[in-house]
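An overview of the molecular structure
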Amino acid sequence: MLKDKHILLGVTASIAAYKAANLVRLLVKEGARVKVIMTPASHHFITPLTLSTLSKNPVHAEFADQQGNWVNHVDLGLWADAMIIAPASANTLAKMANGICDNLLLATYLSARCPVFFAPAMDLDMLKHPSTQSNISKLLGYGNMLIPSGFGELASGLTGSGRMEEPEQIVEIVNEFLSGDKPLSGKKALVTAGPTFEAIDPVRFIGNHSTGKMGVALADVLHEQGAEVVLVAGPVSVNLSTKPYRVQHVVSNEEMYAQCMSAFPEADIAIMAAAVADYTPAAVADSKIKKKDGDPLTLQLKETKDILAALGKSKKAGQVLVGFALETDDEEVNALKKLQKKNLDAIVLNSLKDAGAGFGTDTNKVTIFSGSGGKFESSLRSKKEIAQEIVTYIKTLL
């Protein structure tokens, strides 16, 4: 419950600022004590009087009030049990991500010691721009919590992602966090991420372009929702040194297979997001293979162990096993074959034909199929947002 919780609401210059009135009303209805900070430009979209009346507190926008008294941003930051920035415009996200402090809201954000939630609101092209996605990734890396924007009709007349989440959902998310009632508390989750490298000799290997970002985002979301996470990570390009869950580093398919088979019996949820090599050299040279001018090099390959199939065979009642399928042709047909053949509860399809999806990007677009015939299609969104959608889908399967 939010009764007697101190909630600091930041309102920025977005057409979605009109939703701030209902958000304040709902927070107060839940018993929270609410204070509002506005950016100067947000006054074009909603008046301080409206938010002051609903919150029953003065609304601040400048470093000094109308009487010339200093508005102490440090005290505001220390007062709050949670800070919500909703709507969060592209401009404010950029300033938050890069430590720019040119208004009271940003000074308070930089001073806050409490959990910070941000709910982006902007047009779809602004949201998917690489700079905005980079800023969102930075903010997540700082420990801030994203409230993903919704998909629908936008103020521009276009349809897509960028709508600020509805106030009812924002209140539910913050309430759930502050109450400690996390939906996956008590659940154990196994996640794989990244590529595997299959050695040819001590210098060279067979690999792929996977960075591990999708798998790591899934592990992050599962942990945030209360699950006890084990991440089995190949050679990813993500810094895992500060992750608050258990990370098992592996290199080859054989090592990943061993770690997964060891962890899976205790897992309630297993998401196999790693891009595991299907083939490995039949023999690995003990020393570097030297180039011989004019002579071709022939490698004999053998199949690697099928981790997903092995887990599917050993799956017990109550366990949820989710695979990934990265396809270039007959995508849906091949994904559904993999779903059935490997005894999965769901499969997440990536198509390399979708711009901005797949390896090496900060965004993704997926289609999820369940063993019971369900189907969910996402729009192109950040990998953290896609991870949240996948975990939400998985919770319906538990």
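See above for the structure.
Overview of the structure. Remember, predicted model here, so these are calculated numbers, not experimental data.

Calculation rules
- Residues numbered from 1 in each chain as written.
- Predicted model: local features only at pLDDT ≥ 70, side-chain atom pairs only at ≥ 80, totals over all residues.
- Heavy atoms only, no water.
- Helix = DSSP H or I, 4+ residues; strand = E, 2+ residues; numbered from the N terminus.
- Rg over C-alpha atoms; globule rule 2.2 N^0.38 Å.
- Buried < 20%, exposed > 50% of the residue type's maximum accessible area, 1.4 Å probe, protein only.
- Contact = heavy atoms within 4.5 Å.
- Areas by Shrake-Rupley, 256 points an atom, 1.4 Å probe, with all protein chains shown as cover.
- Lys, Arg positive; Asp, Glu negative; His and termini not counted.
- Charge placed at Lys NZ, Arg CZ, Asp CG, Glu CD.
- Pairing = 2+ DSSP bridges.
- Axes fitted to C-alpha atoms, helices over the stretch in contact; angles between N-to-C directions.
- Salt bridge = Lys/Arg side-chain N within 4 Å of Asp/Glu carboxyl O.
- Polar contact = N/O pair within 3.5 Å; in protein donor to acceptor, adjacent residues only side chain to side chain.
- Expected span 1.5 Å × (residues − 1).
- Parallel < 35°, antiparallel > 145°, perpendicular 65-115°, else oblique.
- Left-handed = near helix turned anticlockwise from the far one by under 90°.

What follows covers the overall build of the chain. Helix and strand content of the chain: 13 helices and 22 strands. In summary, the chain has a C-alpha radius of gyration of 24 Å against a globular reference of 21 Å for 398 residues, a match within 12%. Relative to its 398 residues, the chain shows a buried fraction of 50%. For the chain, long-range pairs separated by at least 24 residues make up 68% of all intrachain contacts whose partners lie at least 6 apart in sequence. Looking at the chain as shown, the accessible area adds up to about 18,800 Å², and 51% of this sits on carbon and sulfur atoms. Taking the 40 positively charged and 42 negatively charged side chains of the chain as two groups, their mean positions are separated by 2 Å.

Bringing the sheet that holds strand β6 (residues 145–146) into the picture now. The strand order across the open sheet built from six strands is β3-β2-β1-β4-β5-β6, with neighbouring strands paired in parallel fashion. Lying at the two open borders of the sheet, with one neighbouring strand each, are β3 (59–60) and β6. For strand β1 (residues 6–11) and strand β4 (residues 82–88), the ladder comprises four bridges, and the chain directions are parallel. Counted as the bridge partner of Ile 7 is Ala 82 from β4. Where helix α8 (residues 167–179) meets the sheet, it contacts β1, β4, β5 (116–120) and β6, and its direction lies at approximately 160 degrees from that of β4.

The next point concerns the pattern of salt bridges. Pairing is possible between side chains of opposite charge, provided their charged atoms come close. According to the stated counting rule, one finds 15 salt bridges in the structure shown. With a shortest N-O distance of 3.1 Å, Lys 315 and Asp 345 are connected by a salt bridge. Here Lys 315, found in the loop between α11 (307–314) and β17 (320–327), pairs with Asp 345, found in the loop between α12 (331–341) and β18 (346–351); they are 30 residues apart in sequence, far enough to count as distant. Relative accessible area serves as the criterion here: at 23%, Asp 345 is assigned to the partly exposed category.

This brings us to the sheet that holds strand β12 (residues 228–233). Reading across the sheet, the eight strands line up as β13-β12-β9-β14-β17-β18-β20-β21 and stay open at both edges, with mixed pairing between neighbours. Only two strands of the sheet have a single neighbouring strand rather than two, namely β13 (246–249) and β21 (375–377). Each neighbouring strand pair of the sheet contributes to a mean axis angle of 15 degrees, computed without reference to strand direction. Sheet analysis places β12 next to β13, joined by four bridges and oriented parallel. Residue pairing across strands places Val 232 opposite Gln 248, the latter belonging to β13. Running over the sheet, α12 touches β17, β18, β20 (367–370) and β21 and is turned about 155 degrees from β18.

Buried residues dominate α11, accounting for six of its eight residues. For α11, the complete set of buried residues consists of Ile 307, Leu 308, Ala 309, Ala 310, Leu 311 and Gly 312. For α11, the elements touching its buried residues are α10 (253–263), β14 (269–272), β17 and α12. Capping of α11 at its N-terminal end is provided by Asp 306; its side-chain oxygen lies 3.3 Å from the backbone amide nitrogen of Leu 308.

The terminal C-alpha atoms of helix α9 (residues 213–224), which comprises twelve residues, lie 16 Å apart, in line with the 16 Å expected from a rise of 1.5 Å per residue. Across the twelve residues that make up α9, a large majority, nine, are buried. Among all positions in α9, only Met 214, Gly 215, Val 216, Ala 217, Leu 218, Ala 219, Asp 220, Val 221 and Leu 222 are buried. Packed against the buried residues of α9 are β9 (188–193), β12, β14, β17, β19 (363–364) and α13 (383–397). Looking one or two residues past α9, Gly 226 carries a phi angle of roughly 100 degrees, positive in sign.

A few words on the environment of Ala 199. With respect to the helices, strands and loops of the structure, Ala 199 is situated in strand β10 (residues 198–199). Relative accessible area serves as the criterion here: at 34%, Ala 199 is assigned to the partly exposed category. With eleven residues separating them along the chain, Ala 199 and Lys 188 place their C-alpha atoms 32 Å apart. Leaving out residues up to four positions away in the same chain, Ala 199 has contacts with Arg 204, Phe 205, Pro 281 and Val 284.

Time to look at the pairing of β4. With respect to burial, β4 is a largely interior element, seven of its seven residues being buried. Pairing of β4 with β5 involves four bridges; the strand directions are parallel. Paired with Ala 88 across the strands is Pro 120, a residue of β5.

Considering the arrangement of structural elements, one finds Ser 252 in the loop between β13 and α10. Setting aside residues up to four positions removed in sequence, Ser 252 forms contacts with Thr 196, Phe 197 and Glu 198.

Interaxial distance between α9 and α13 falls to 8 Å at its minimum, and their mutual angle equals 55 degrees. By the angle between their axes, α9 is oblique relative to α13. As for the relative orientation of α9 and α13, their crossing is right-handed in sense. In this structure, α9 contributes Lys 213, Met 214, Ala 217, Leu 218, Asp 220, Val 221, Leu 222 and Glu 224 to the contact, and α13 contributes Lys 383, Lys 384, Ile 386, Ala 387, Gln 388, Ile 390 and Val 391.

The next point concerns unusual backbone geometry. For the bond running from Ala 86 to Pro 87, omega is 0 degrees, close enough to zero to count as cis. Checked against the element boundaries, Pro 87 lands in strand β4. In this model, Asp 4 sits at a positive phi of 65 degrees, which is unusual for a non-glycine residue. Following the sequence through the fold, Asp 4 ends up in the segment before β1. Positive phi values are uncommon outside glycine, yet Asp 330 reaches one of about 45 degrees. Along the chain, Asp 330 falls in the loop between β17 and α12.

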